[in-house]
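# Close look at the chain arrangement
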Amino acid sequence: MSVFEFERVTYHYPGDLVGVEEVSFRIEASESIALLGANASGKSTLLYLMDGLYFPQRGAVRAFGRELTERALEEEGFGRAFRQQVGLLFQNSEAQLFSTTVEEELAFGPLQLGLRADEVRRRVDDTLTLSGIEHLRSRSPQALSGGEKKRVALASLLTLAPSVLLLDEPTSGLDPRSLQALLELLAALRGRGLTLVTATHDLSVAPELAERGIVLSEAHRVARDAPVAAVLQDMNLLLEVNLIHAHAHAHGSITHVHPHPHVAYHDHEHGS
Amino acid sequence: MIPEWLRPAPVAIASGGRARRSPVRSAANAFERLLGLMLRPPAEAARVGLLHRLEPRAKLIGIGILVITATLVHQPVVLGALCAASALVAVVSRVRPASLARVWIGVLIFTAAIALPAMLNLITPGAPMVTLARLGEGAHLGPWRLPSVLTITAPGLLVAGRFVLRTATCLSLMALLTASTPPAALLAALRGLGLPRVFVMVTAMMYRYLEVLLRAAHDLHLAKLSRSLGPASARGERRWVAAGIAALYRKTIALSQTVYLAMISRGYTGEARSLAPLPLAWRDAAWIAACVVVSAAAIAAGRLWGRV
């Protein structure tokens, strides 16, 4: 049974702004997927559709073999199980951290699922330790740095013990140390068999986050679905979907044009 | 192609001219100060004193009892004693004297403005204590007839003194509570005392996102300042303020929608649940008992002195 199955899914925002168009793919348990695409290509929309926050106007999204509809999620049994199984890390941590303290933030999800107070406290304590944020327990989320907010937001999902994590640009705005800590934690979770779906336009972290890449075009459609390594070697595709760009620059007397990803530093060979 | 006009001109920094502080700068500074206050680590709340060691619910109950007592007692001596007791608790709790001094100065300024007329025979008749002015027979202030001699009366002084003392006592007690308890703990205490969860949750979220909106407003003002070359017309400023309000409103709506989605994503179905507070310790019970004793003593003393 697939974790997610998208069948010709189309979602338009109010005002007929296209979110995604005719998107089809399947995600199996324990897979790690990178959703790759330029800004506004529909990556976040796909995550919201997977999390049952948006519902398609055409086509169908299935999760754990059941079609994701408002009605299905309103059923107590399925709704509860789905929310426990699937955690979404929002791009804007500010929106995700709405409680007054870090401890309450971590307890929010398990409490909504009706877990016993002692079990909630145990999960909160363990997750604070696992995420290395025990010292933030009583702090208000508003007083945290960007990296700390991201870690707390991820920890607030882990207390639900999900089997699927949907991550929306998890590495954006992180300093090198926070980035490394996050990548290590996500690698450990992958090792535990969690299904990870990460939306990113940062090609430098894609191989560390995923084995399979789903590339979205600027027309909001799936342009390619293949192993990440193969996707990253397909320069024509990456140029076409605006994940890399070609530009001219000079090295001494040589001026040439070549494509490269949107990173500050890159290596390349010089021809004559 | 970069247009011709976009070429760096020779730098000519003029000096002199009239210096005038921009209202946008003043507003940005005000936002910055407020943000600083909100984000400052709660130094007072982190100190270790009598009140800091108490569970916030116990503090709320105890201080609530004392505040209600202060509103029931009429005798200035008893009110003064309660006020002195609050100062004593502040000392024992190592609350900065400046925190209380700020409250008392504020009380004096604002309550004096309200209480001053009540001291005069114009409002409270009675035995004169100090003569302020001889107005003569038939003096009027608009349609109102004034007494021939304007005096401060003994009953007037009593009314004003009681008012100032009661306000000072209540505000000192509340200052002790807020100085020794972080806002998040206070909200948790309110929830622990049975206030509806939704009410506490909405209040907590309002407090939480106030900082986000303040920061957005602050950045908006700085962005305006960085591109302002001189004073704008009043009409231009009004248009900018209106556009700023609209931008903030849009941000608020977008943020509130995302927050709601984030809550749904983590299992929220309309009924807020929260961690049950830990049980009260013996020292919390002792504090509440002490407050009850002080309250009973104050009411008894009030009866002894006159009426309660």
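This is a predicted model, so every value here is computed, not measured.

Calculation rules
- Residues numbered from 1 in each chain as written.
- Chains lettered and ligands numbered in written order.
- Predicted model: local features only at pLDDT ≥ 70, side-chain atom pairs only at ≥ 80, totals over all residues.
- Helix = DSSP H or I, 4+ residues; strand = E, 2+ residues; numbered from the N terminus.
- Rg over C-alpha atoms; globule rule 2.2 N^0.38 Å.
- Buried ≥ 20, exposed ≤ 12 C-beta atoms within 10 Å, placed from the backbone.
- Contact = placed C-beta atoms within 7 Å.
- Core = buried A, V, L, I, M, F, W, Y, C linked by C-beta atoms within 7 Å.
- Pairing = 2+ DSSP bridges.
- Nonpolar A, V, L, I, M, F, W, Y, C, P; charged D, E, K, R; others polar.
- Axes fitted to C-alpha atoms, helices over the stretch in contact; angles between N-to-C directions.
- Parallel < 35°, antiparallel > 145°, perpendicular 65-115°, else oblique.
- Expected span 1.5 Å × (residues − 1).

### Section: the overall build of chain B
Summing up its helical and strand segments, chain B has 10 helices and four strands in all. From first element to last, N terminus to C terminus, chain B shows the α and β order α-α-α-α-α-β-β-β-β-α-α-α-α-α. For a compact globule of 308 residues, the expected C-alpha radius of gyration is about 19 Å, and chain B comes in at 28 Å, more than 25% above that figure. In terms of principal-axis extent, the alpha carbons of chain B reach across some 90 × 65 × 35 Å. Within the span of chain B, comprising 308 residues, buried residues form 27% of the whole. In chain B, the share of contacts with a sequence separation of at least 24, taken over all contacts with a separation of at least 6, comes to 84%.

### Some details on the nonpolar core
All names here are of chain A. Counting residues in hydrophobic clusters, the biggest one holds 77 residues, and the most contacted among them are L35, L36, L89, L166 and V197. The element contributing the most residues to this core is helix 7 (residues 146-158), with six residues. The contact partners of L166, leaving out residues within four places of it in the chain, are L47, M50, D51, V86, G87, L88, L89 and V197.

### Structural notes on the sheet that holds strand 5 (residues 66-67) of chain A
Judged by pairing direction, the sheet is antiparallel, and its four strands sit side by side in the order 2-1-4-5 (chain A) without closing on themselves. Lying at the two open borders of the sheet, with one neighbouring strand each, are strand 2 (17-27) and strand 5 of chain A.

### Quick word on the interface of chain B and chain A
How big an interface is tends to be stated in terms of accessible area lost as the parts join. The partner chain A presents 26 residues to the 23 residues of chain B that form the contact. Counting only elements with at least two residues in the side of chain B that touches chain A, the list comes to helix 7 (183-192), helix 8 (197-226) and helix 9 (234-265) of chain B. Residue classes in the side of chain B that touches chain A are distributed as 15 nonpolar, four polar and four charged.

### Things to note about the packing of helix 3 (residues 56-72) of chain B against helix 10 (residues 282-305) of chain B
Residue and element names in this part refer to chain B. Across the interface, helix 3 lies against helix 10 with an axial gap of 9 Å and an inter-helix angle of 5 degrees. The angle between helix 3 and helix 10 places the two elements in the roughly parallel class. Taken together, the residues of helix 10 that come into contact with helix 3 (itself represented by A58, I61, G62, I65, L66, T69 and L72) are D284, W287, I288, C291, V292, V294, S295, A298 and I299.

### Notes on helix 6 (residues 117-130) of chain A
Residues and elements named next belong to chain A. End to end, helix 6 covers 20 Å across 14 residues, agreeing with the expected 20 Å (1.5 Å per residue, within 8%). Next to the buried residues of helix 6 lie helix 5 (102-112) and helix 7. G132 occupies a position one or two residues after helix 6 and carries a positive phi of about 65 degrees.

### Concerning the sheet that holds strand 10 (residues 222-227) of chain A
Residues and elements named next belong to chain A. Across the sheet, which stays open at both edges, the six strands sit in the order 6-7-8-3-9-10 with mixed pairing between neighbours. With one partner strand each, in any of the chains shown, strand 6 (86-89) and strand 10 form the two edges of the open sheet. Each strand axis lies, on average, 15 degrees off the axis of its neighbour in the sheet, ignoring direction. Direction of pairing for strand 7 (residues 164-168) relative to strand 8 (residues 195-200): parallel, over a ladder of five bridges.

### Considering the pairing of strand 4 (residues 58-63) of chain A
Residues and elements named next belong to chain A. The pairing of strand 1 (residues 4-13) with strand 4 spans five bridges and is classified as antiparallel. The residue bridging F4 from the neighbouring strand is A63, located in strand 4. Here two bridges tie strand 4 to strand 5, and the two strands are oriented antiparallel to one another. In the strand pairing of strand 5, R62 is matched with E67. Between strand 4 and strand 5, which follow one another and run antiparallel, lie two residues, and F64 among them has a positive phi close to 50 degrees.

Bear in mind that shape data such as this cannot, by itself, settle questions of function.
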